[in-house]
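# Analysis of the macromolecular model
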Amino acid sequence: MKSLFRRQPVSPRRLSRRENNPLPSKAPVDKTFGTSGLTLARIALLGATTALAWVFVSSVALKKSPVTQLALDETALLLDAELTSEVSHLEPLQTFQLAASANDFPTSSGNSIRINGQSLAGGWQQRNGRLGLSSAAVSSLIGAELLNTTDASQQPIRWFPTTQDGVNYLPAWWDSTNRYIDITDFAARAGWTTQVSGSTLQLGLPAATVSGVRQGRQTWGDRIVVDLSGPANWQVESSDVFTIKIAGTITPQMVSGFKAAKGNLITQLDVAPLSGQTVVKLKTKGGASPQVWSTGNPARVVIDIRKDAMVERDIAWATGLRWRQQYVNVGANRFPVYMFIAKPDPTMLSMRPIRSNPSSATGIAPIITTAQQQRAAGAVNAGFFNRNNQLPLGAVRHDGQWLSGPILGRGAMAWNDQGNLIMDRLALSEVVSAAGKSFPVLTLNSGYVQAGIGRYTSAWGAAYSPIVDGEIVVTVRNDGVTARQTMGKAGSGSIAIPSDGYLLAFRSNSGNSAGFVTGTQIGLSSQSQPSAFDQYPNVMGGGPLLIRDRSIVLNPQLEGFSTNFIQGSAPRTAVGKTADGTWIIATMHDRVGGSGPNLTETAQIMQQLGSVDALNLDGGSSSSLYLGGQLLNRPPQTAARVNNGIGLFILGRE
């Protein structure tokens, strides 16, 4: 049989997923939530693509030279076509449900896993005598592929498969913050040892050695194959250098014998031993990144370097919540999109605004930190903010209380505990009256300032510091003025915000404050525009509004966005609603071989995903999608700190 190490036209692992089984633009009904209106397609089983990869990497002999070209022979092409039709759908899943009992609670849990002496951060839990690893730990610490599933209580995985259909169907359970995959029987079959020591889980995996390292150029990028004596776990670290750590020893002779060749997308490649591991470090160009997977019999770790490295998947994560990632085509461009598909329910899944500092409007933090502090299972960045003074710039309301008011009539979304969601351009009309005169309040609890009056309540925090120089601050308690003070420089000094009133900050036009003297009675009226927003306890502002009633209504100029923002291309965060009320919470990243989507492309992506209404949120480095202990859409060190977000809370679970 011919060698694989020659140029091949297309990676078979990607062939079935893309050319042979493209995702339909008009998707069939999905029954995950028991509803009939969801227009998002199910993605074919990711295991099919890995099965095809296993065929051409495992069943065909590899040349012994350390640097050669990968190829696909005619036999592999024929087998690839056959397997596409045979394994393109999930097999029926057997429902797994933990029995309700008095001890149906974790007996022990922790966030530290020690694998063969290496300490790693990862969630684990023991429950009813079973051992579960978090989904993030299974994928990022062990290296197993999480395959598509429509049943949240069962998770198919693939790890060093010895046959093309080598899928392990593992039970799964979830609590209020994480989902755990039951590895008890899988670990026993694989010869692992397990031991709990306090909050640390110790795993012992059979030792593996590296028997070869190979590199080849492909039409789509580059491939590195690491031959092993047996299965081994691995981790991928991303920064300006990609680091793949494989738990297999390599000899100095093999390291010195490996000579890295020039790649299509690889600009630097090094292989080295480190504490019983083999470390592959590489730099890439053109936005390429590694896609790492495994084959068995013989065991191999395959590192594909490609511009479209995101693996498409569709995983039921908990009741009413799916984690989905797919490519969406807009014209000739393909955009990777990471998303939650959610059906809020007052008994199962709740959406709430979250902010980095629960007691104050001021502050920024990584969304992963905010989500974990507030025990959210998932989260996404949301509203705009001023990165310099860390103050919010747009609407945030939680449980009927304005944490920050809308600005500039920008797009916003509002929802209730049942998950009913509306979107529109939003303004808040407030008027204060004193001594027979009325004055408009321009902002409420906002870091956006202009000449006029701003109002601040205790939701802003315990105290208020001036945002601009020379503010006149009036204290109102029980509808009467109790104090009046002229402030100094911006950020200097502070005034306590009363719990039974508010502060009025007069800026620039201080003459309007003349009637606000101690003892004056104050009137206040407040009305959302449109008034329908007053019926919803939760509001999150962003903008611009993308889609309304199935039509793209993009008008960023109307919402006061700058020219640079309007013309820019960058990663995006957006929320959409389907015809049946299902939420699509999406982050979009750089198109394959290029930059991120512009606003028009963002609207088109959300429309293709099935949104009848959609709203753009803060984007760029802020775009962050968190689920169960990990960021799904980017390395954590590349995510900016943000002021607020939307948290997903699983209800009825300890």
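Residues numbered from 1 in each chain as written. Predicted model: local features only at pLDDT ≥ 70, side-chain atom pairs only at ≥ 80, totals over all residues. Heavy atoms only, no water.

### Some thoughts on the pattern of salt bridges
Going by this rule: Any Lys or Arg side-chain nitrogen located within 4 Å of an Asp or Glu carboxyl oxygen qualifies as a salt bridge. Remark: exposure states derive from per-residue accessible area (1.4 Å probe, protein chains only) relative to the maximum for the residue type, with buried under 20%, exposed over 50%, and partly exposed in between.
Counting across every chain of the model gives 18 salt bridges. When the shortest N-O distance is used, the salt bridge between Lys245 and Glu237 registers 3.2 Å. The class for Lys245 is buried, based on a relative accessible area of 17%. Looking at Glu237, the relative accessible area reads 38%, which means it is partly exposed.

### Quick notes on empty space enclosed by the protein
To keep things clear, this is the line we draw: Detection works on a 1 Å grid of protein atoms alone, calling trapped sets that fit a 1.4 Å probe cavities and calling open sets with protein on both sides within 12 Å along at least five of seven lines pockets, with lining residues defined by an atom within 4 Å of a point. Grid points are joined across faces, edges and corners, and a volume is the space filled by probe spheres set on the points.
Applying the stated criterion to the full structure yields 7 cavities of 30 Å³ or more. Taken as a whole, the second largest cavity holds about 60 Å³ of empty space.

### With respect to the pairing of strand S5 (residues 154–158)
For clarity, the cut-off: Runs of H or I in DSSP of at least four residues are treated as helices and runs of E of at least two as strands, each being numbered from the N terminus. For two strands to count as paired, DSSP must find a minimum of two bridges between them.
A large share of S5 lies buried, amounting to 5 of its 5 residues. Side-chain alternation along S5 places Gln154, Pro156 and Arg158 on one buried face and Gln155 and Ile157 on a second face that is also buried. As judged from the 2 bridges shared by strand S4 (residues 145–146) and S5, these two strands associate in the antiparallel manner. In the strand pairing of S5, Leu146 is matched with Ile157. Across 4 bridges, S5 lies against strand S6 (residues 168–174) in antiparallel orientation. Note that in S6 the partner of Ile157 across the bridge is Asn168.

### Observations concerning the sheet that holds strand S20 (residues 333–342)
Hydrogen bonds between backbone atoms are what pair the strands of a sheet, whose relative direction is either parallel or antiparallel. Read across the sheet, 8 strands follow the order S18-S19-S20-S42-S41-S43-S39-S40 without closing on themselves; strand pairing throughout is antiparallel. Both edges of this open sheet fall to strand S18 (313–318) and strand S40 (551–552), since each of them pairs with a single strand only. Direction of pairing for S20 relative to strand S42 (residues 583–588): antiparallel, over a ladder of 6 bridges. Following the sheet pairing, Met339 is matched in S42 by Ala586.

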